[in-house]
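Reading the structure
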Amino acid sequence: EIYMNDNSRENLQEFFSSGSGKIGSVLLVIFILISVFVVFTYPLNFGTTVWSNPAYWSDYPKSAPPTWTNIFGNDNVDHQIIDFTTPVDTVSISNREVRTYTHRFNYDSNISPTFLSLSLYDVVYHDRPPTITLSILRPDNKEILIYREIISPPRPGEEGPYVRYSDSPFRINLSGDKSVSSNLVEYIRDNSNEQISINKIIGSNEKVIFSNLDSLQFEEILPGEYELIVKFTVNNENDSISKIRFVLGGSSYGLLGTDSLGRNLSVGLLFGFPIALLIGLTTSTITTFIGTTMGIISGYTGGRTDTIIQRLSDTLSNIPLLPILLFLIFVFGPQLWLVMTILVLFGWPGLTIIIRSMVLQINSSQSVEAAKSLGASKWRIMYRHIFPQLAPFIFAQLVFFTPAAILAEASLSFLGLGDPSIPTWGQILENGFRTGGVYIGYWWWILPPGLLIVITAMIFVFIALALEPVVNPKLKKM
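A brief report on the enclosed structure follows. (Residues numbered from 1 in each chain as written. Predicted model: local features only at pLDDT ≥ 70, side-chain atom pairs only at ≥ 80, totals over all residues. Heavy atoms only, no water.)

Counting buried positions over the 10 residues of helix α14 (residues 425-434) gives eight, a clear majority of the element. Among all positions of α14, only Trp-425, Gly-426, Gln-427, Ile-428, Leu-429, Glu-430, Asn-431 and Gly-432 are buried. In the stretch just after α14, Gly-436 is the one whose phi turns positive, near 85°. (Buried < 20%, exposed > 50% of the residue type's maximum accessible area, 1.4 Å probe, protein only. Helix = DSSP H or I, 4+ residues; strand = E, 2+ residues; numbered from the N terminus.)

A word on the side chain of Thr-233. As for its position among the elements, Thr-233 is in strand β9 (residues 224-234). Residue contacts for Thr-233: discarding those within four places in its chain leaves Arg-96, Glu-97, Val-98, Pro-130 and Thr-131. (Contact = heavy atoms within 4.5 Å.)

What follows covers the packing of aromatic side chains. Across all of its chains, the model carries 21 aromatic pairs by this definition. On the numbers, 6.3 Å between centres and 85° between planes, the contact of Tyr-107 with Tyr-226 is edge-to-face. Residue Tyr-107 is located in strand β3 (residues 96-107), and its partner Tyr-226 is located in strand β9; the two are separated by 119 residues in the primary sequence. Of the residues examined, Tyr-226 reaches a relative accessible area of 0% and is grouped as buried. Ring geometry for Tyr-442 against Trp-444: centres 5.2 Å apart, planes inclined by 35°, an arrangement best described as tilted. In this structure, Lys-243 packs its charged tip against the face of Tyr-121, placed 4.4 Å from the ring centre. (Phe/Tyr/Trp six-rings, centres within 6.5 Å; stacked < 30°, edge-to-face > 60°. Lys NZ or Arg CZ within 6 Å of the ring centre and 35° of its normal.)

Below, the discussion takes up the environment of Ala-64. Here Ala-64 is to be found in the loop between α3 (46-51) and β1 (80-84). Once the C-alpha coordinates of Ala-64 and Pro-449 are considered, the two residues, 385 residues apart in sequence, prove to be 16 Å apart. Once residues lying within four places of it in the same chain are set aside, the contact partners of Ala-64 are Ser-251, Ser-252, Tyr-253, Gly-257, Thr-258 and Trp-444.

Right, let's get into the packing of helix α13 (residues 378-414) against α14. For the pair α13 and α14, the least separation of the axes is 8 Å and the interaxial angle reads 30°. In terms of orientation, α13 lies roughly parallel with respect to α14. Seen along the crossing, α13 lies across α14 with a hand that is right-handed. In contact with Ala-410, Ser-413 and Phe-414 of α13, α14 contributes Gly-426, Gln-427, Leu-429, Glu-430 and Phe-433. Per-class residue counts for the contact of α13 with α14 are four nonpolar, three polar and one charged. (Axes fitted to C-alpha atoms, helices over the stretch in contact; angles between N-to-C directions. Parallel < 35°, antiparallel > 145°, perpendicular 65-115°, else oblique. Left-handed = near helix turned anticlockwise from the far one by under 90°. Nonpolar A, V, L, I, M, F, W, Y, C, P; charged D, E, K, R; others polar.)

By themselves, these observations are geometric and do not establish any function.
Structure (structure tokens):
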């Protein structure tokens, strides 16, 4: 036991003495920490309820580059999502209560926002319908009424309290709303005595709101501090609204931008960390366990058992993987467990053949012969005398299998054979190619998932390189 502890300590020192061992270990720890963070912060059904839900991403810009690209001179508007949940002021007027929400922000871009929208979430009222108004105070100290909405009244036969927008929010596109255009035309007429047609500004209301109104061409943007003012007027103090969302549509967003559906790519790529490790480690562990077990049994027992295992290994090794996978996906549908199962079923035979040849050499060793002469059972001999001699090689194979499994899943997802309910790096990459992102120049959609796949594979390559001196003592540094 003391010898084994000393040997293990020596192997660890040999492993960490190499640069590849240190780099691989540090990167693996980082990946594991990120994966743990995602597991504890993301919902389990993230793929179906968030990533694959278009309504969830309706407030996000489409195909927007990362915000940090603006430092290179790109004149993009930063996308902003502003949520109001707590009023800053509440005033009682007669039998009504006015709850005011405000938010200030600086606007210093030379171009107008791409769109504006307002969303209402989970409104509950008891008597008459509440009213909501949205105004904006511009840097020139002029306040413009943008939008007014009365919550839908009770339906015939409906009893209070009345619940609205609980299943899905009420969302209005302020840029193209005719009532917003009418409010802007009225404001321009009252403040400049100029007559302007609604048809001139409808569909581009955001340009009017953020432009210098001294010129009615709406080409010059008015920079400075703006203040959003939202007033929620209720007729019962028990009336409530869970959230009010204002979206200032931009042409850049987040750390890694968005795809053509507006999905935040950094969120999807983070979710890919635990999925990649789950695929790689689970598949490689099961494959290595089956291959090692079958190889040891085959090499030690011999006879008919050896023949059956070897013929089964030869058969599975020569079956083409892709046609089988296409057939099973056609029958069961694209599912992650199916891909992992196929990788395991067709991954263990090669290891079994190698392990068997090594066991045939170990059978003639003195330790095995001594165990046989003492009457040890064949299972004890395989577990206590054969397996320990193979353990370093087996662990090295497990490490090699891990990146192979990750790359295999990514390749299958890139071919459109992955599970669409679970976003993986391969799927994100496939979506980028399928929708033409690589040809249009959406590099932020292509490079990050590709680099993460390569880095993940390289982590285990570094670890495997550091394990070589441990597996083969001839390679140890003198």
